[in-house]
Amino acid sequence: MAEFDLVIRGGRVATAADVMDCDVGIRGETIAALGQGLGAGEKEIDATDHLVLPGGVDTHCHIEQLSAAGMMNADTWESATRSAALGGTTTVIPFACQHRGMDLAEVARDYHALAASGALIDYALHLIVTDPTQVCLTEQLPALIRDGHASIKVFMTYDPMRLSDEALLDILLAARTHGALVAVHAENHGIIAWMVRRLLDRGYVAPKFHAVSHARVSEAEAFIRLIALAELIDQPVILYHVSTAEGAAVIREARGRGSKVYGETCPQYLFLTADDLDKPGLEGARFCCSPPPRAEADQEALWRALALGDLQTVSSDHAPFADDEAGKRHAGPGATFKQIPNGLPGLHWRLPLLFDAMVSRGRADLQAFVRVTATEPARLYGLDGRKGSIAVGKDADLAIWDAARRVTISNEMVADATGYTPYAGMEVTGWPVTVFCRGQLVVADGVVQAQPGSGSFLPRQAGPAARPTGRLSAEFDPTQNFGADLY
C-alpha cells in the first residue's frame, strides 16, 4: 500500500526561509512529509530540474464585481480563477462590494453564491464598505467578521464610494473592536477632482491625461492623513497599490516610528509607466488604472521598498474590463479619459513577471519571491495556518516551475475575459507548468484540469498583523472614564 496519495520527487523546494532539494509527500489535501527518498505515492511526479513553490496568494483582485460607475467587470469567477491558476496562483481574495444603499450582509451572501459555483481555486472575501450606517457598523460588520471576513476595504476617492474622515474613523474603530484589518485605496479626492475638471475644460482628454489627473502628491497626502486616523484609533491598516516613491517613503517613516502600517504594490507600477498611456486614439485606455503607472524612478523606489520590507506584498489588483465597446471603449471613439473604466487584468501575469524580474534577472532571491507573492500575503490576511508556504500540515497548494522556460506574453495567451494583456510583448524566463490546490491537479502543461466550483471558501480571523498594539491615542488617557467611553 502506498504511503502517500501523491509524491512530487526530485524538485528544488523553496519557502520564504529556505531552499532545499527534497520530495514532497501529500495525503489528502495536505502536505504530510518533506524529505529525501520518501515512500511510494499512489501517483508520482518527477520534478527533477524544476522548482516546487507555494501556490501564489493574490490578496487584491476584482472578480465579477460592479464598478463604482455601475459597469460589471469582464470576468466571471470561472474565467478569473482559470487565469489565476494558469499563472501559478491557488488562492485569491476579491471583494464583496457594498454600494451605497445596499445591505452589506445581503451583498456578502450573493457574492458567496457566485464564488461557490464558479471558483476553480480557493478564496476568501474582503468586505468593501461604502455606506457605514449604524446597522452596518454595529450588527452586520461584527457578524460578518465573526463568520471569517477579517478584512475591510474602504475608499478615500471616487464619488460613489469615498468615505469622509469621520466615516473612516467609524470603520477603523469597528475593525479594532471586532478584529479586522483595514485596507485602503488612499488618494486625495479633492486634488484629483480639481485636476480632472481643469484638464477636461481645456480639452486635454486623451488617455495619457488620466496619469496627469492623479497628481503624485495626491497619494502621499492621503497616506499621511489615513495613517494619522489609524494612529488615533490604534488600528492596523494596509495601503493598497502604492505607486510613487513619495508614498513608499511615507510608509517607511510611519513604520519607523512603530505604526502598524503595511503596504502593497502591483505589477503595473513595477513594469509599466505613464508613457504607456500615451498611444494613438484609445489605445492608451488599455493601461488606465488608478492610481496610474508613474515613472521609472518610482519603479526603482518601489523595488527598494520591497527589498527593505517597507512594502510586504505584490498583488495584481486584477480589475478586468474588455478592450471593446462593452469595456474600455464603451463611451465611443471620442471618449475622454474620465469615461474610461479604470483597471488592468493581472491575475495570470503577476507571478511570471515577478519571477522573471526577481529570480531570473537577479533583483532578489527565490525566498524573497516566495515571501512577497505567497507567504506575506497569507500572513497579513490570516491564512498562514493553511496557505503561503510548503510545510507539513499546510494545504498542498504547489506550483512546479520550469525556471528555464522562456515565454513571450501575448494577447493570444489570455485566459480571462478581457481579450488583452497590458504586458503583451514582454519576454519572461520562468513559468509555472503544473499547479495543485489542496493536492488536486488544477493545471497540467498549460491546460486547466479543475472544474468550476471546486475551490473552497477560506474563513479567516485576524492574525497578529491585524491586531492593535494596545496603545490608544496619546490624546486621551485611557485610565479616565471619558477615554474608555470615547473608544
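Look up: the structure comes first, before these words.
All of these numbers come straight from a predicted model, not from anything done at the bench.

A. Structural view of the environment of Gly446. Mapped onto the secondary structure, Gly446 falls in the loop between β20 (440-444) and β21 (447-448). For the pair formed by Gly446 and Arg350, sequence separation is 96 residues and the distance between their alpha carbons is 16 Å. Among all residues touching Gly446, those that are not within four sequence positions of it are Leu86 and Val433.

B. Quick peek at the pairing of β20. Here strand β19 (residues 427-437) runs beside β20; their pairing, made up of four bridges, is antiparallel. Bridge pairing in β20 places Cys437 opposite Gln440. Count of turn residues in the β19/β20 antiparallel hairpin: two residues, of which Arg438 carries a positive phi of about 50°. Where β20 and β21 come together, two bridges link them in antiparallel fashion. The partner of Val443 across the bridge, within β21, is Val448. Linkage of β20 to β21, two consecutive antiparallel strands, is achieved through a turn of two residues, within which Asp445 is found at a positive phi near 50°.

C. Just the sheet that holds β19, in detail. Judged by pairing direction, the sheet is mixed, and its seven strands sit side by side in the order β3-β2-β7-β18-β19-β20-β21 without closing on themselves. One side of each edge strand has no neighbouring strand; the edge strands of this open sheet are β3 (19-21) and β21. By the bridge criterion, four bridges tie strand β7 (residues 51-54) to strand β18 (residues 398-408) in an arrangement that is antiparallel. Counterpart to Pro54 in the pairing with β18 is Leu398. Lying over the sheet, helix α11 (residues 350-360) contacts β7, β18 and β19, oriented at roughly 120° with respect to β19. On the sheet, helix α12 (residues 366-380) packs against β2 (12-14), β3, β7 and β18 and is oriented at approximately 30° with respect to β7.

D. Looking closely at the packing of helix α7 (residues 217-233) against helix α8 (residues 245-256). Where α7 meets α8, the axes come as close as 8 Å, and the angle between the chain directions of the two elements is 20°. With respect to α8, the axis of α7 lies roughly parallel. Of the two elements, α7 crosses α8, and the hand of that crossing is right-handed. Facing Glu219, Ala220, Phe223, Ile224 and Ile227 of α7, the residues of α8 in contact are Glu246, Gly247, Val250, Ile251 and Ala254. Partitioning the contact of α7 with α8 into residue classes produces seven nonpolar, one polar and two charged.

E. Spotlight on the layout of surface pockets. By volume, the largest pocket is sized at about 860 Å³. For the largest pocket, the lining is made up of 40 residues, of which Ala68, Ala69, Tyr158, Ser290 and Asn342 are closest to its centre. At four residues, the largest contribution of residues to the lining of the largest pocket is made by helix α5 (residues 189-201). When the residues that make up the lining of the largest pocket are grouped by side-chain class, the tally is 18 nonpolar, 18 polar and four charged. Estimates place the volume of the second largest pocket at around 260 Å³. For the second largest pocket, the lining is made up of 15 residues, of which Leu66, Cys97, Met102, Val107 and Tyr111 are closest to its centre.

F. Up close: empty space enclosed by the protein. Tallying each qualifying case throughout the model produces one cavity of 30 Å³ or more. If you add up the space inside the largest cavity, you get close to 50 Å³. For the largest cavity, the full set of lining residues is Leu53, Pro54, Gly55, Gly56, Gly88, Leu351, Phe369, Val370, Thr373, Ala374 and Trp401. Of all the secondary structure elements, the ones that give two or more residues to the lining of the largest cavity are β7 and α12.

G. View of the packing of aromatic side chains. Summed over all chains, the structure comprises ten aromatic pairs. An aromatic cluster is built from Trp77, Tyr111, Tyr123 and Phe457, whose rings are joined through pairwise contacts. Positioned over the ring face of Phe95 is Lys153, at 4.7 Å from the centre of the ring.

What counts and what doesn't
Residues numbered from 1 in each chain as written. Predicted model: local features only at pLDDT ≥ 70, side-chain atom pairs only at ≥ 80, totals over all residues. Heavy atoms only, no water. Helix = DSSP H or I, 4+ residues; strand = E, 2+ residues; numbered from the N terminus. Contact = heavy atoms within 4.5 Å. Pairing = 2+ DSSP bridges. Axes fitted to C-alpha atoms, helices over the stretch in contact; angles between N-to-C directions. Parallel < 35°, antiparallel > 145°, perpendicular 65-115°, else oblique. Left-handed = near helix turned anticlockwise from the far one by under 90°. Nonpolar A, V, L, I, M, F, W, Y, C, P; charged D, E, K, R; others polar. 1 Å grid on protein atoms, 1.4 Å probe; cavity = no way out; pocket = protein on both sides within 12 Å on 5 of 7 lines; lining within 4 Å. Points joined across faces, edges and corners; volume = space filled by probe spheres on them. Phe/Tyr/Trp six-rings, centres within 6.5 Å; stacked < 30°, edge-to-face > 60°. Lys NZ or Arg CZ within 6 Å of the ring centre and 35° of its normal.

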